[in-house]
Amino acid sequence: MKTTPANGSRWKLRLGSLGLGLLAPALVFGVALTVSEDLRLLYIGGATVLFCGATWVGVKSGRDWLSACLLYLPLACMFGFLVLRQLPFLWPHLLLWALVTVLGSFLLAIRLGTTTRISAVVVMLALSAWYCMSYIPDQMKRAMNHLGDGAAPAFAFQAVSDGPVPTTATPGKILVIDFFGTWCAPCIAELPEIARVRADLQQRRDIEFVVVATNSGGDTPERLRSFGRLRHITLPLGFDQAGKAHAAFGLSGFPGLVVIDRTGRVRLTREGYNSSETTFRTDLTQLLEKL
């Protein structure tokens, strides 16, 4: 069948939509890697890119569902592959991005009153605000934190920094262990929050903190010591040779946080960190105050 000029033009626009769609993941994940790992920024960046691209596509191609799909799918597929497999509760990213794409594609392409258009945008903004301010922080908190009351395994760290370093749990004292990697971006992002918790509880002499590296990622006691000096880390530093304690606590990733109460019971374990968990510092401080 001979392709008409109109059909040829439409396919050019569809190829343009696909090109924008392929560019979207690079822009969104690039910003997330260079600016902040916050999952809310990832959502906002994706929504902005998709809405702007969909608006352009909608104006050029009219009500063309295929163009909208070609714009949306690359970012959705990459997000599903890189993020959703580890954090399945973030599936609303995909739904809201789809709604944003549809809204942008048809907002100006069909005849709607000004009030209707404004209302649609306001509803989308309200959904996005709820998602970023309530849903994501709450779900991250549920996924990261694991409360318990089991006996702590036997362990002993090597002291790395100068001054007192808690190398094992001391009866009558609470111990907060932050398993850390000098190569780990989330670990580095989490560290100031741990330092602030310690500052908030500085009057509590019964609470001890220690930042512990392992052999993972090529870390050594010397490398951790140099990193601490370079970054002016004031928290005590320790080293877990061969990651024995890290594994004994049932951890597999970094950062890993363990709270042991004054009776030697593990009250909290958690893996990972993301600044979208906005109550991390408050929740940890409140837990320690209650022990």
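Throughout what follows, the structure given in this document is the object of discussion. It should be emphasised that the depicted structure is a prediction, and the values quoted were computed from it without experimental measurement. (Residues numbered from 1 in each chain as written. Predicted model: local features only at pLDDT ≥ 70, side-chain atom pairs only at ≥ 80, totals over all residues. Heavy atoms only, no water.)

### Quick notes on the pattern of salt bridges
Charged atoms that come close allow side chains of opposite charge to pair. So the rule is basically this: For salt bridges, the criterion is a side-chain nitrogen of Lys or Arg within 4 Å of an Asp or Glu carboxyl oxygen. Each residue's exposure class comes from its accessible area (1.4 Å probe, protein chains only) as a fraction of the maximum for that residue type: buried when under 20%, exposed when over 50%, partly exposed otherwise.
Summed over all chains, the structure comprises twelve salt bridges. The closest approach of N and O atoms between D206 and R204, which form a salt bridge, is 2.9 Å. For R223, the salt bridge is made with D219, and the minimal N-O distance between the two is 3.3 Å. Residue classification places D219 among the buried residues on the basis of a relative accessible area of 2%. When salt bridges with common partners are traced through the structure, they connect R204, D206 and R262 into a single cluster.

### Observations concerning the state of the cysteines
We count it as follows: For the purposes of this analysis, a disulfide is any pair of cysteine sulfur atoms at a distance within 2.5 Å.
Taken as a whole, this structure holds one disulfide when the rule is applied. In this model C184 forms its disulfide with C187; the gap between the sulfur atoms is 2.5 Å. Its S-S torsion of about 80 degrees marks the bond between C184 and C187 as right-handed, since a negative value means left-handed. Note on C184: relative accessible area 4%, which makes it buried. Exposure remark for C187: the relative accessible area of 0% places this residue in the buried category. Distance from the sulfur of C77, which forms no disulfide, to the nearest cysteine sulfur (C69) is 11 Å. There is no disulfide at C132, and the cysteine sulfur nearest it, in C52, is 16 Å away.

### Details of the side chain of R14
Cut-off, in case you're wondering: Strands are runs of DSSP state E lasting at least 2 residues, helices are runs of H or I lasting at least 4, and numbering of each runs from the N terminus. The contact rule is simple, with two residues in contact once any of their heavy atoms fall within 4.5 Å.
Mapping R14 onto the fold places it in helix α1 (residues 5-34). In contact with R14, not counting residues within four places along its chain, are D64, L66, S67 and L70.

### Observations regarding the packing of helix α6 (residues 185-200) against helix α9 (residues 280-290)
Where we set the bar: Here the axes come from fitting lines to C-alpha atoms, over the contacting stretch only for helices, and the angles between their N-to-C directions go from 0 to 180 degrees. Put simply, angles under 35 degrees are roughly parallel, angles over 145 are roughly antiparallel, angles from 65 to 115 are roughly perpendicular, and the rest are oblique. We call a crossing left-handed when the near helix sits turned anticlockwise from the far one by less than a right angle, and right-handed when that turn is clockwise.
α9 packs onto α6 with a crossing angle of 40 degrees between their chain directions and a minimal axis gap of 10 Å. Relative to α9, α6 is oriented oblique. In this structure, the crossing between α6 and α9 has a hand that is right-handed. Residue-level inspection shows E190, E193, I194, R196, V197 and D200 of α6 in contact with α9, the latter providing F280, R281, L284, T285 and L288.

### Overview of a nonpolar patch on the surface
Put simply, the rule reads: Excluding any residue in a salt bridge, patches collect residues exceeding 30% relative accessible area, merging like charges within 9 Å and nonpolar Val, Leu, Ile, Met, Phe, Trp and Tyr side chains within 5 Å. Surface exposure here means Shrake-Rupley accessible area, sampled with a 1.4 Å probe, where a residue is shielded only by the protein chains that are shown.
A cluster of nonpolar residues, W91, L95, L99, V123 and L127, forms a patch on the protein surface that exposes about 460 Å² of accessible area. Of all the secondary structure elements, the ones that give two or more residues to the nonpolar patch are α4 (92-107) and α5 (114-144). By secondary structure assignment, the location of W91 is in the loop between α3 (65-84) and α4.

### Focus on the sheet that holds strand β6 (residues 256-260)
Note the cut-off: Two strands qualify as a pair provided DSSP detects at least 2 bridges between them.
Read across the sheet, seven strands follow the order β1-β7-β6-β3-β4-β5-β2 without closing on themselves; strand pairing throughout is mixed. Every interior strand has two partners, whereas the edge strands, β1 (145-151) and β2 (158-159), have only one. As defined by bridge partners, strand β3 (residues 174-180) adjoins strand β4 (residues 207-214) across seven bridges and the pair is classed as parallel. Opposite D178, over in β4, you have V211 as the bridge partner. In the packing of helix α7 (residues 221-231) onto the sheet, contacts are made with β2, β3, β4 and β5 (237-240), and the angle to β5 comes to roughly 155 degrees.

### Here we look at the pairing of β5
Defined as follows: If the strands point away from the viewer and the path from the first strand over the helix to the second runs clockwise, then the crossover is right-handed.
Going residue by residue along β5, you find L237 and F239 tucked away on one face and G238 and D240 tucked away on the opposite face as well. Strand direction decides the pairing type here: β2 and β5, joined by two bridges, are antiparallel. Along β5, the bridge assignment pairs Q158 with F239. Examined bridge by bridge, β4 and β5 share four bridges and lie parallel to one another. Bridged to V212 within β5 is G238. Between the parallel pair β4 and β5, the chain is carried across by α7, and the sense of this crossover is right-handed.

### A few points about the nonpolar core
Selection rule: We define the nonpolar core as a collection of buried residues of types Ala, Val, Leu, Ile, Met, Phe, Trp, Tyr and Cys that are connected through side-chain atoms lying within 4.5 Å of one another.
Of all hydrophobic cores here, the largest spans 44 residues; its most connected members are I177, F179, F249, L284 and L288. Secondary-structure elements contributing two or more residues to this core are β3, α6, β4, α7, β5, β6, β7 (265-271) and α9. For L288, the residues in contact, after removing those within four places along its chain, are I174, V176, V197, L201, R204, I207, F209 and V259. Counting residues in each nonpolar core, the second largest holds 32 residues, with L84, F89, W97 and Y135 among its members.

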